[in-house]
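Listed here are the chains, written in short residue letters.
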Amino acid sequence: MFPRFTDDQTAVRDAARDFAQSEIAPGAAARDASGEFAKDIFQQLGEMGFMGMTVPEAYGGAGVDFLSYILALEQVAYADASVAVAMSVNNSVACAPILAFGTEAQKQKYLKPLANGEVMGGFMLTEPDAGSDAAALKTRATRVEGGWKLNGAKAWITNGGVARYFVTMARTDPDKGKKGISAFILDASQPGVVMGRPEEKMGLRSSKTVMVALEDAFVPEDAILGKPGDGLKVAFGGLDGGRIGIAAQALGIAQRAMDESVAYAKARISFGKPIGEHQMIQTYLAEMEARLQAARLLVYRAASLKGAGRTCTVEAATAKLFTTESAVWICDRAVQIHGGYGYSREYTVERLYRDVRVTTIYEGTSEIQRMVIARELLK
Amino acid sequence: MKILVALKQVPDTETKIKVAADGKSLDPADVKWITSPYDEYALEEAIRIKEGKGAEVMALSVGGDTAKDVLKNALALGADSAVLLKGDGQGDAFAVAQMIAAYAKDKGFDLILCGNKGLGGDNAAMGPMLAELLGVAQANVVVKLELGEGTFKAEREIEGGSEVVEGALPAVITAQKGLNEPRYASLKGIMAAKKKTIEELDAAAVTAGAQVSALALPPERPAGRLLQGDAPAQAQALLQALKDEAKVF
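Residues numbered from 1 in each chain as written. Chains lettered and ligands numbered in written order. Predicted model: local features only at pLDDT ≥ 70, side-chain atom pairs only at ≥ 80, totals over all residues. Heavy atoms only, no water.

Draft legend 1. Inspection of a nonpolar patch on the surface at higher detail. Residue and element names in this part refer to chain B. A cluster of nonpolar residues, Ile17, Leu26, Trp33, Val212, Leu215 and Leu217, forms a patch on the protein surface that exposes about 440 Å² of accessible area. Its location among the elements puts leucine 215 in the loop between β11 (198–202) and α6 (231–244). Owing to a relative accessible area of 34%, leucine 215 belongs among the partly exposed residues under this scheme. (Patch = residues over 30% accessible without salt bridge, like charges linked within 9 Å, V, L, I, M, F, W, Y side chains within 5 Å. Areas by Shrake-Rupley, 256 points an atom, 1.4 Å probe, with all protein chains shown as cover. Salt bridge = Lys/Arg side-chain N within 4 Å of Asp/Glu carboxyl O. Helix = DSSP H or I, 4+ residues; strand = E, 2+ residues; numbered from the N terminus. Buried < 20%, exposed > 50% of the residue type's maximum accessible area, 1.4 Å probe, protein only.)

Following this line, the structure appears as structure tokens:
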């Protein structure tokens, strides 16, 4: 039977579930209302090893496999999707590229504190005019004494204002197009990195997303990640992992919507019986569950392949496309089942409906995922 | 310094308790087992002592195979070793105290920590009995513990106040909520725990001090009653009921 988890994977999942249910879930609604970043929770997640899960212990991580990480992320998202996205960014696009492309010295200096939770990390690729079309980025890195100076604007930066180190892509050679982009580890604790006000988002309210202005932001010689011109290779190297991570986040949200809906269908009485006894509600629940189970298998399969070091670009894109689109639909049905109450802040599904919406957009839109899948089919 | 922490496996508070067919024990089906929360304070205190002044911490539980989960968790949290005494106390604190005493008596433990009571059973008897059997000092329902050179100072909850007791080690200390805030196991701890083995021994044969003769769930609550009529009539009916039936006036 698939999936069959190892004892380690089950242990990690259960530890994540315990912590998420006891410590993350209770404050989720309040953080959604206030927009307050869950600082204390990240402190604890870091101490427990959840911020650098697949990073080897020698570099401050927990040294578990990729599927374990995905299982943990799903449990955290079930409790609070805002916490899950910050955790995912730290693991997938801050730690992972430094682990893959960093020198030994960079791993000691930057990866260790990111993986053991001392500081948080982020990723700066997207710009106001370069989203899905990442190669169009305009941020310039110019040579100066002892390193580079970065100038430009970055948009939709998760963990902006709360993270210390950002894997940042900038153009080192304006004439070389895609090949003229390089990756850097940018220390945000300098005046040249100006964080904007957090965006007023529809959901994921307690995750901080900001516009960043880089004004002569300095990057020392030894903080370039990979070789000059390797920028997109570094940026896209973690893409599959990032996509599976967001699929797992959507899966956690959808499972929560499912559980909330089943509980409500048993408790809410209409026409003299629980609404779960009405055939139309049963149709919704059955369809939601079918899509949820299918999505779960896709996510776990892609994660297993990734963990085994196999190519999984199509599997990751498929998992992200199907899971996030299904999760949006499942949360929509969950609101419908809750009727008027589903439209009220009093009920969890209202938050889930807003939180889940972005999953078909960020970390590669559904349209990009379809493109990736179709290209492979037509190759 | 050698510390023994005795941990009991109890049903999760959210478990729906059912009485087994014999009418005097729990039906173990569908029970989710956890470490008794009071024992978690005991374990956390032991780990803090280990981190503070250095100590060797051994976790111990009496029970069957399922009690291993409690020990695995203790290893993940930082216990150095774990022992399972295979046996069944049959719900009798004295039997369990004798089993633990038989194991611990020659091992040179400086400190034995456990919860002040096991969640659910609520006997609050095993710890004090263990201290008596071993002939060592004890302090119960402890909310603050300080260790000196071969001595302890414990603040314990008493009815309407607190009491500070001092004594010489070895001693049995039973933990109360407030002693500390137990941590969660780290992933590193969980992985490391899987490499450690749990020693399994047969518990000493003991004679129980008491036997459970019957176990019953509380009677089901009768349905509520809706008072009829307008507000003054309802108030009148309520007053009447409180006087005549509930006899609160």
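Draft legend 2. Structural context of the sheet that holds strand β4 (residues 56–63) of chain B. All names here are of chain B. If you walk across this open sheet you meet the nine strands as β9-β8-β7-β10-β6-β1-β4-β5-β11, and the pairing is mixed. Across the chains shown, the open sheet's two edge strands, defined by having one partner strand only, are β9 (161–168) and β11. Pairs of neighbouring strands in the sheet enclose a mean axial angle of 35 degrees, with direction left out of account. Examined bridge by bridge, strand β1 (residues 2–6) and β4 share five bridges and lie parallel to one another. Counted as the bridge partner of isoleucine 3 is valine 57 from β4. Against the sheet, helix α2 (residues 68–77) makes contact with β4, β5 (81–86) and β11, and its axis sits at roughly 170 degrees relative to β5, the strand it touches most. Across the sheet, helix α4 (residues 126–134) lies against β1, β6 (111–115), β7 (137–147) and β10 (171–175), angled at about 105 degrees from β7, the strand it touches most. (Pairing = 2+ DSSP bridges. Axes fitted to C-alpha atoms, helices over the stretch in contact; angles between N-to-C directions. Contact = heavy atoms within 4.5 Å.)

Draft legend 3. Highlighting the domain arrangement of chain A. Residues and elements named next belong to chain A. In terms of domain boundaries, chain A breaks down into domain 1 (7–119), domain 2 (122–227) and domain 3 (238–377). Each of domain 1 and domain 2 has a C-alpha centre, and the two are 22 Å apart. Listed per partner, the contact involves 23 residues of domain 1 and 19 residues of domain 2. In total, about 1,900 Å² of surface goes out of reach between domain 1 and domain 2, with carbon and sulfur atoms giving 67% of it. Viewed at the interface, domain 2 and domain 1 are joined by zero salt bridges. (Domains from an automatic or database assignment. Buried area = accessible area lost by both parts, 1.4 Å probe.)

Draft legend 4. Quick peek at the interface of chain A and chain B. The partner chain B presents eight residues to the 19 residues of chain A that form the contact. Of all residues in chain A, Asp8, Met48 and Glu57 of chain A give up the largest surface area on contact with chain B, accounting jointly for 40% of the area buried on that side. There are one salt bridge connecting chain A and chain B. With a shortest N-O distance of 3.6 Å, aspartate 8 of chain A and lysine 194 of chain B are connected by a salt bridge. Taken together, the links from chain A to chain B amount to two residue pairs in polar contact (both at pLDDT 80 or more). Contributions of two or more residues to the side of chain A that touches chain B are made by α1 (7–24) and α3 (39–48) of chain A. (Polar contact = N/O pair within 3.5 Å; in protein donor to acceptor, adjacent residues only side chain to side chain.)

Draft legend 5. Structural view of the packing of aromatic side chains. Residues and elements named next belong to chain A. In this structure the tally under the stated criterion is nine aromatic pairs over all chains. Ring centres of phenylalanine 5 and tyrosine 300 lie 5.5 Å apart, and the angle between their planes is 70 degrees; this geometry places the pair in the edge-to-face category. Placement of phenylalanine 5 in the segment before α1 and of tyrosine 300 in helix α9 (residues 279–307) is noted, with a sequence separation of 295 residues between them. When the ring of tyrosine 264 is compared with that of tyrosine 347, the centres are 5.9 Å apart and the planes differ by 85 degrees; the resulting orientation is edge-to-face. In this pair, tyrosine 264 is assigned in helix α8 (residues 239–267) and tyrosine 347 in the loop between α10 (313–338) and α11 (348–356), connecting sequence segments 83 residues apart. With a relative accessible area of 10%, tyrosine 264 lands in the buried category. Residue class for tyrosine 347 comes out partly exposed when judged on its relative accessible area of 30%. (Phe/Tyr/Trp six-rings, centres within 6.5 Å; stacked < 30°, edge-to-face > 60°.)

Draft legend 6. Examining α4 of chain B more closely. Residues and elements named next belong to chain B. Along α4, the positions that sit buried rather than exposed are Met126, Gly127, Leu130 and Ala131. End-on, the buried residues of α4 take up no more than an arc of 135 degrees, which puts them together on one face. In this structure, the buried side of α4 is in contact with β1, α3 (93–104), β6, β7 and β10. One or two steps after α4, the chain reaches glycine 135, where phi turns positive at roughly 70 degrees. (Arc of directions from axis to C-beta.)

Draft legend 7. Just the domain arrangement of chain B, in detail. Each assigned domain of chain B is listed with its residue range as follows: domain 1 (2–202) and domain 2 (219–249). Taking only C-alpha atoms into account, the centre of domain 1 of chain B sits 47 Å from that of domain 2 of chain B.

Draft legend 8. Main features of the nonpolar core. Counting 164 residues, the largest nonpolar core has Phe42, Phe50 and Leu150 of chain A together with Leu145 of chain B as the members making the most contacts within it. Residues in contact with phenylalanine 42 of chain A, not counting those within four places in the same chain, are Phe37, Met51, Val83, Ala86, Met87 and Met120 of chain A. By size, the runner-up hydrophobic cluster in this structure holds 22 residues, among which are Ala6, Met99, Tyr103 and Ile112 of chain B. (Core = buried A, V, L, I, M, F, W, Y, C linked by side-chain atoms within 4.5 Å.)

Draft legend 9. Representation of unusual backbone geometry. A cis amide bond links leucine 169 of chain B with the next residue in sequence, proline 170 of chain B, at an omega value of 0 degrees. Within the secondary structure, proline 170 of chain B sits in the loop between β9 and β10. Phi is positive for glutamate 363 of chain A, which is not a glycine, with a value near 55 degrees. Here glutamate 363 of chain A is to be found in the loop between α11 and α12 (366–377).

Draft legend 10. Looking closely at the pairing of β9 of chain B. Pairing analysis gives eight bridges linking strand β8 (residues 151–158) of chain B to β9 of chain B, with the strands arranged antiparallel. Looking at the pairing, threonine 151 of chain B lines up with alanine 168 of chain B of β9 of chain B.

Draft legend 11. Examining the pattern of salt bridges more closely. Applying the stated criterion to the full structure yields 32 salt bridges over all chains. The partner of arginine 205 of chain A in a salt bridge is glutamate 200 of chain A, and the shortest N-O contact between them spans 3.0 Å. With a relative accessible area of 63%, glutamate 200 of chain A lands in the exposed category. A salt bridge links glutamate 245 of chain B to arginine 225 of chain B; the shortest N-O distance between them is 2.7 Å. Of this pair, glutamate 245 of chain B sits in the segment after α6 while arginine 225 of chain B sits in the loop between β11 and α6; the two residues are 20 residues apart in sequence, bridging distant segments of the chain. Pair check on accessibility: glutamate 245 of chain B and arginine 225 of chain B agree, each one exposed.

Draft legend 12. Region of the structure containing the pairing of β7 of chain B. Residues and elements named next belong to chain B. Bridge analysis of β7 against β10 gives four bridges, and the strand direction is parallel. Bridge pairing in β10 links alanine 139 to isoleucine 173. Examined bridge by bridge, β7 and β8 share five bridges and lie antiparallel to one another. Pairing of lysine 144 across the sheet is with glutamate 155, part of β8. Adjacent in sequence and paired antiparallel, β7 and β8 are bridged by three residues, among which glycine 150 carries a positive phi angle near 75 degrees.

Draft legend 13. Geometry of the environment of valine 167 of chain A. All names here are of chain A. Residue placement: valine 167 occurs in strand β4 (residues 165–171). For valine 167, a relative accessible area of 2% corresponds to the buried category. Considered as a pair, valine 167 and glycine 121 are 46 residues apart in the sequence and their alpha carbons are 7.9 Å apart. When neighbours within four sequence positions are excluded, valine 167 is seen to be in contact with Val93, Ala94, Pro97, Ile98, Gly122, Phe123, Met124, Phe184, Leu225 and Val234.

Draft legend 14. Region of interest: the packing of α2 of chain B against helix α5 (residues 187–195) of chain B. Residue and element names in this part refer to chain B. Running from N to C, α2 and α5 cross one another at 125 degrees; their axes reach a closest spacing of 7 Å. With respect to α5, the axis of α2 lies oblique. By crossing handedness, the relation of α2 to α5 is classed as right-handed. Listed contacts from α5 to Lys72, Leu75 and Ala76 of α2 are Gly189, Ile190 and Ala193. Considered class by class, the residues forming the contact of α2 with α5 number four nonpolar, one polar and one charged. (Parallel < 35°, antiparallel > 145°, perpendicular 65-115°, else oblique. Left-handed = near helix turned anticlockwise from the far one by under 90°. Nonpolar A, V, L, I, M, F, W, Y, C, P; charged D, E, K, R; others polar.)

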